[in-house]
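# A closer look at the structure
As a plain string of letters, each chain reads:
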Amino acid sequence: MIMMMLEGGTVPRQRRRACFTLSVAAGLLIVLFAAGWVGGLRINTTPSEPLGLWRIVPLNRSVRSGETVFVCPPDNTATREARQRGYLRPGLCPGGFGPLIKTVIAVAGQRVDVTDRLAIDGVPIPGSRIIEKDAQGRSLRHDQSGMVRAGEVYLHSDFIGSWDSRYFGPVPVSGMLGLAQEVLTYAP
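Residues numbered from 1 in each chain as written. Predicted model: local features only at pLDDT ≥ 70, side-chain atom pairs only at ≥ 80, totals over all residues. Heavy atoms only, no water.

### Overview of the sheet that holds strand S1 (residues 41-44)
Two modes of strand pairing occur in sheets, parallel and antiparallel, and in both the strands are linked by backbone hydrogen bonds. Note the cut-off: Being paired, for any two strands, means DSSP has found at least two bridges between them. The helix count covers DSSP runs of H or I at least four residues long, the strand count covers runs of E at least two residues long, and both are numbered beginning at the N terminus.
Read from one edge of the open sheet, seven strands run S1-S2-S11-S3-S4-S9-S10, paired in antiparallel fashion. In this open sheet, the two strands that pair with only one neighbour each are S1 and strand S10 (171-172). Relative to strand S4 (residues 100-107), strand S3 (residues 68-71) runs antiparallel, the two being bridged by four bridges. Directly across from Val69, in S4, lies its bridge partner Lys102.

Following this line, the structure appears as structure tokens:
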């Protein structure tokens, strides 16, 4: 009886069905993932902004202060050090970095004052305290006060441990991918 099942019976047929079902499911997942990627969907797994599914909305105008954006960090010494320390995840931005989700708090022509916290044009920014050391006790450099130049924006997140312009300064507008729109998120 067992020989009959193995020779042309139920075991090979069950195996074929299982392989077919798994192949179809894997194909559907790949198609869904690709469609989401092309459609601008991204998953945020960092505490700087709510966790979950976000969408990159194309921006056909100048970004405004107060807007939340997806931005590729510049490929420079500070960003490479941040990647080594684990502040940044790998991704498809130049330099192999993942895009950041941050709020624009200053645009060209605005003054940023950096003391123990941030102020924009003299107005203090809530949740912008500067920390001197990261969670592992390593020193953090911070930005200097000054005017945001043309073609740059200053980024921030209310999360105290966020790696944002407080530590790396303004970023080029050319790295802007678009507005960040929450799709299905959870803020712990």
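From this point on, the discussion continues.
### Description of the packing of aromatic side chains
Rule in force here: Each Phe, Tyr or Trp ring, with Trp reduced to its six-membered ring, pairs with another whose centre is within 6.5 Å; inter-plane angles below 30 degrees give stacked pairs, above 60 give edge-to-face pairs, and intermediate values give tilted ones. Categorising residues by exposure relies on relative accessible area from a 1.4 Å probe, with only protein chains included: less than 20% of the type maximum marks a residue as buried, more than 50% marks it as exposed, and the intermediate range marks it as partly exposed.
One pass over the full model with this rule turns up two aromatic pairs. Ring plane angle 40° and centroid distance 6.3 Å describe the contact between Tyr87 and Trp163, whose orientation is recorded as tilted. In this pair, Tyr87 is assigned in the loop between helix H3 (77-85) and S4 and Trp163 in the loop between strand S9 (152-156) and helix H4 (165-168), connecting sequence segments 76 residues apart. The exposure class of Tyr87 is partly exposed, given its relative accessible area of 26%. Aromatic side chains Trp163 and Phe168 sit 4.4 Å apart centroid to centroid with 50° between the ring planes, which places their arrangement in the tilted category. With respect to burial, Trp163 and Phe168 carry one shared label: buried. By the ring-pair criterion, three or more aromatic residues cluster together here, those being Tyr87, Trp163 and Phe168.

### Description of the nonpolar core
Here is the rule: Residue types Ala, Val, Leu, Ile, Met, Phe, Trp, Tyr and Cys, when buried and joined through side-chain atoms within 4.5 Å, form a set referred to as a nonpolar core.
Formed by 31 residues in total, the largest nonpolar core has its most connected members in Val69, Val112, Leu118, Val153, Tyr154 and Leu155. Going through the elements one at a time, S3, S4, strand S5 (111-114), strand S6 (118-120), S9, H4 and strand S11 (176-186) are the ones with two or more residues in this core. Looking at this core element by element, the count peaks at four residues for S4. Grouped together as the second largest cluster of nonpolar side chains are five residues, Trp54, Ile56, Phe70 and Ala180 included.

### Remarks on the pattern of salt bridges
Once the charged atoms of two side chains with opposite charge are near each other, the side chains can pair. Note the following rule: Salt bridges, as used here, are contacts in which a Lys or Arg side-chain nitrogen is within 4 Å of a carboxyl oxygen on Asp or Glu.
Applying the stated rule across the entire model yields 10 salt bridges. Here Glu81 and Arg85 are joined by a salt bridge, their closest N and O atoms 3.2 Å apart. Taken together, the residues Glu81 and Arg85, both in helix H3 and four residues apart, mark about one turn of the helix. Here Arg149 makes a salt bridge to Glu152, at a shortest N to O gap of 2.8 Å. The class of Arg149 is exposed, set by a relative accessible area of 57%. Relative accessible area serves as the criterion here: at 14%, Glu152 is assigned to the buried category. Members of the salt-bridge network, linked through shared partners, are Glu81, Arg85, Asp134, Arg138 and Arg141.

Nothing here speaks to function; it is geometry throughout.
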